[in-house]
Amino acid sequence: MVHGYDGIVTRSGYNDRLQILFNTKRFELLRRLELDEINDDRHRSPLVAHLRDKQSDQEILLMNNHLARGNADYRTTQAKQLVEWARQQSIPIVAVGDYNFDYEFKDETGNDGFRAMLQDNVFQWVKPEKMIDSNWYDPEPDGQDNYPGSLLDFAFVAGPATEWNAICNVIVRPDDFPDDQMTSDHRPFELILQH
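Computed from a prediction, not measured in an experiment: that's the story for all the values here.

**Examining the packing of aromatic side chains**
Okay, so step 1: Across all of its chains, the model carries 14 aromatic pairs by this definition.
Okay, so step 2: Relative to F156, the ring of Y99 lies with its centre 5.1 Å away and its plane at 80°, an arrangement referred to as edge-to-face. Taken together, the residues span a long stretch of sequence, with Y99 in strand β6 (residues 93-104) and F156 in strand β8 (residues 150-158) at a distance of 57 residues. Taken individually, Y99 and F156 each receive the classification buried, so the pair is uniform in this respect.
Okay, so step 3: Judged by centre distance (6.0 Å) and plane angle (65°), the rings of F101 and F114 are edge-to-face. Taken together, the residues span a long stretch of sequence, with F101 in strand β6 and F114 in helix α2 (residues 112-117) at a distance of 13 residues. Accessibility assignment for this pair places F101 and F114 in one class, buried.
Okay, so step 4: Among the aromatic side chains, those forming a connected cluster through ring pairs are Y99, F101, Y103, F105, F114, F123, W125, F154 and F156.

Now the structure itself:
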């Protein structure tokens, strides 16, 4: 672990697990949750770090997700389960990750899982200020990213966090694509929250 940081990792996910890192000078880990009820034992359970900001005493539930890719019906079920879980929480929730919601720029819509995640306005999507595709998409394949493509990576807020000022930006770095063994098939994003 990097000096000054600590982290938690899922038990689920086999060799493809989820992790949350946090700055121990700024945050205290109150508890870790792995939401196994939102998992069919073949996917990764949502990972939640219940953190306390040492400067403000503000508590937050920071969640990392990677929803099902090859099973659209199960991905939609996972999104519905996340909404029901969030509906029962009183602490601000920030949920990030690879949701596989295939948000297409051309028609500004996502798949059924995306629509389920926004049901009843429990979660609010922190839409990137500038829409930049965050994943490598090359169906031809010609070795070039088809831009604009789609978003797979999202940031959502729920509960009291919906009242915070939230800004999201996709980070573009030189030579971050194409997807090969040395680069990720996703671009990272930053989420800035002020309350």
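**Here we look at the nonpolar core**
Okay, so step 1: Counting residues in hydrophobic clusters, the biggest one holds 29 residues, and the most contacted among them are W85, Y99, F101, F123, F154 and F156.
Okay, so step 2: At the level of elements, β5 (59-66), α1 (72-87), β6, α2, β7 (123-125) and β8 are the ones that each hand at least two residues to this core.
Okay, so step 3: Setting aside anything within four residues of it in sequence, one finds F123 in contact with L82, V83, A86, I93, A95, M117, L118, F156, V157 and A158.
Okay, so step 4: Counting 16 residues, the second-largest nonpolar core is a separate cluster that includes I20, L51, V96 and A155.

**Observations regarding the pairing of strand β4 (residues 47-53)**
Okay, so step 1: Most of β4 sits inside the fold, with seven of its seven residues counted as buried.
Okay, so step 2: Here β4 shows no split at all, with L47, A49, L51 and D53 on one side and V48, H50 and R52 on the other all buried.
Okay, so step 3: When strand β3 (residues 27-34) meets β4, the two strands line up antiparallel, connected through seven bridges. Bridge assignment links F27 to a residue of β4, and that residue is D53.
Okay, so step 4: The antiparallel hairpin formed by β4 and β5 contains five residues in its connecting segment, where D57 sits at a positive phi of about 70°.

What counts and what doesn't
Residues numbered from 1 in each chain as written. Predicted model: local features only at pLDDT ≥ 70, side-chain atom pairs only at ≥ 80, totals over all residues. Heavy atoms only, no water. Phe/Tyr/Trp six-rings, centres within 6.5 Å; stacked < 30°, edge-to-face > 60°. Helix = DSSP H or I, 4+ residues; strand = E, 2+ residues; numbered from the N terminus. Buried < 20%, exposed > 50% of the residue type's maximum accessible area, 1.4 Å probe, protein only. Core = buried A, V, L, I, M, F, W, Y, C linked by side-chain atoms within 4.5 Å. Contact = heavy atoms within 4.5 Å. Pairing = 2+ DSSP bridges.

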